[in-house]
Amino acid sequence: MISDPDESAVTDEARTPRQERRAQTRAALLDAAERLWAERGIRGASLDEIAARAGLTKGAVYSNFASKSDLVLALLERYTQADPGLGALADLCGSERSPDERRTAAGRHYAERPSDDETRMRALLLVELWLFGMRDFSAGWRIADWYHARREELAADLAAGSSEMSPEDRASLAMAIEFGLALQHLLDPERVPAELYGSGVGLLMGSSAADAPSEP
């Protein structure tokens, strides 16, 4: 089963040797799943193969995750704690900066994102996670809840401003631009420049400079 959330929150210094081994096992399985699912798709890589890639047994998988769906959700939670290489959304948050300042920061972050193999791998994985949720009803609503929580976090930091659109709707559109543009840019970087992101979020933020792309 999935480990106790309290255990995963324990600091490295406070962990017992058993908790440390468990955390290392979980991390190894998540690393292996991340790579294999990006390479082959979630349905194209079995739990046996994930365990083998991590240098562990299938029993190690089930001692940490109840099912493939739980492993998927644990990987999503890991993404909550770290920028998956596609994200500039965090730069849109924070009421201490003006909409123009936040748009500029987000556009610069996005344009400077490296288009390397690691970034492409993360993009492939995000597509696979979405497809898995579309095809597996039992996991789909939980993945939808994960996306909903991310939208709520972003909306909480998006003031209403001069736009008639609600922060919740703008958060949904910002995420759509974030992921949709990333997929187009990684496939066709010359005809879909990353700098378009700054213009797109500028429109959502009600920026006076929305028609001008962000400088890299």
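Reading the values: rules and limits
- Sequence order as written defines residue numbering, which begins from 1 separately in each chain.
- A pLDDT threshold of at least 70 governs which residues receive local features in this predicted model, and a stricter bar of 80 or more applies before side-chain atom pairs are shown or counted, although totals over entire chains, interfaces and linings include all residues.
- Excluding hydrogens and water, the side-chain figures rest on all heavy atoms present in the structure.
- Only centres within 6.5 Å qualify two rings of Phe, Tyr or Trp (six-membered ring in Trp) as a pair; their planes then separate them into stacked at under 30 degrees, edge-to-face at over 60, and tilted for everything else.
- Burial classes follow relative accessibility: with a 1.4 Å probe on protein chains only, a residue under 20% of its type's maximum area counts as buried, one over 50% as exposed, and anything between as partly exposed.
- By definition, any uninterrupted DSSP run of H or I lasting at least four residues is a helix, any uninterrupted run of E lasting at least two residues is a strand, and each is numbered from the N terminus.
- Each nonpolar core is a collection of buried residues, namely Ala, Val, Leu, Ile, Met, Phe, Trp, Tyr and Cys, held together in the definition by side-chain atoms within 4.5 Å.
- Throughout, a contact is declared for two residues whenever any of their heavy atoms are within 4.5 Å.
- A helix is expected to span 1.5 Å for every residue after the first.
- Lines fitted to the C-alpha atoms define the axes, with helices restricted to the stretch that makes contact. Angles between their N-to-C directions range from 0 to 180 degrees.
- Crossing handedness is defined as follows: a turn of the near helix away from the far one that is anticlockwise and smaller than a right angle gives a left-handed crossing, while the clockwise case is right-handed.
- When residues are sorted by character, Ala, Val, Leu, Ile, Met, Phe, Trp, Tyr, Cys and Pro go into the nonpolar class, Asp, Glu, Lys and Arg into the charged class, and all the rest, Gly among them, into the polar class.
- Just to be clear on terms, a salt bridge is a Lys or Arg side-chain nitrogen sitting within 4 Å of an Asp or Glu carboxyl oxygen.

**Let's talk about the packing of aromatic side chains**
Phase 1 of the analysis: Here the structure, examined in full by the defined rule, presents two aromatic pairs.
Phase 2 of the analysis: With a centroid separation of 4.9 Å and 85° between ring planes, the pair formed by W146 and Y147 is classed as edge-to-face. Across the pair, exposure class does not vary: W146 and Y147 are buried alike.
Phase 3 of the analysis: The interplanar angle of 90° and the centroid separation of 6.3 Å between the aromatic rings of Y147 and F179 together place this pair among those described as edge-to-face. Placement of the pair is Y147 in helix α8 (residues 137-156) and F179 in helix α9 (residues 167-187), with a sequence separation of 32 residues.
Phase 4 of the analysis: The exposure class of Y147 is buried, given its relative accessible area of 15%.
Phase 5 of the analysis: Among the aromatic residues, those joined into a ring-pair cluster are W146, Y147 and F179.

**Thoughts on the nonpolar core**
Phase 1 of the analysis: Counting residues in each nonpolar core, the largest one holds 36 residues, and the members touching the most others are W37, I50, L71, V72, L125, L129 and I143.
Phase 2 of the analysis: Elements with a minimum of two residues in this core: α2 (17-40), α3 (47-53), α5 (68-81), α7 (117-135), α8 and α9.
Phase 3 of the analysis: Those residues in contact with I50 that lie beyond four places of it in its chain are L29, A32, A33, L36, W37, A45 and L71.

**Quick look at α2**
Phase 1 of the analysis: End to end, α2 covers 34 Å across 24 residues, agreeing with the expected 34 Å (1.5 Å per residue, within 8%).
Phase 2 of the analysis: When we look at burial in α2, the residues that qualify are Q19, R22, T25, R26, L29, L30, A32, A33, E34, L36, W37 and A38.
Phase 3 of the analysis: Looking one or two places after α2, you find G41, whose phi comes out positive at around 90°.

**Side note on the packing of α8 against α9**
Phase 1 of the analysis: The geometry of α8 relative to α9 is characterised by a closest axis approach of 8 Å and an angle of 115° between their N-to-C directions. Crossing geometry of α8 relative to α9 is assigned as right-handed. Across the interface between the two elements, Y147, R150, R151, L154 and A155 from α8 touch P167, E168, A171, S172, A174, M175 and F179 from α9.
Phase 2 of the analysis: Taken together, the residues of the contact of α8 with α9 sort by class into eight nonpolar, one polar and three charged.

**Here we look at the pattern of salt bridges**
Phase 1 of the analysis: All told, the structure shown has eight salt bridges when counted by the stated rule.
Phase 2 of the analysis: With its nearest N and O atoms 2.9 Å apart, the salt bridge here joins E153 to R150. On the criterion of helical spacing, the pair formed by E153 and R150 is a turn pair, its members being three residues apart in helix α8.
Phase 3 of the analysis: E153 sits in the partly exposed class, given a relative accessible area of 44%.
Phase 4 of the analysis: Judged by relative accessible area, which is 17%, R150 ranks as buried.
Phase 5 of the analysis: Connected through salt bridges with shared partners, the residues D31, E34 and R78 form a single ionic network.

Remember, this is a structural readout, not a statement about activity or role.
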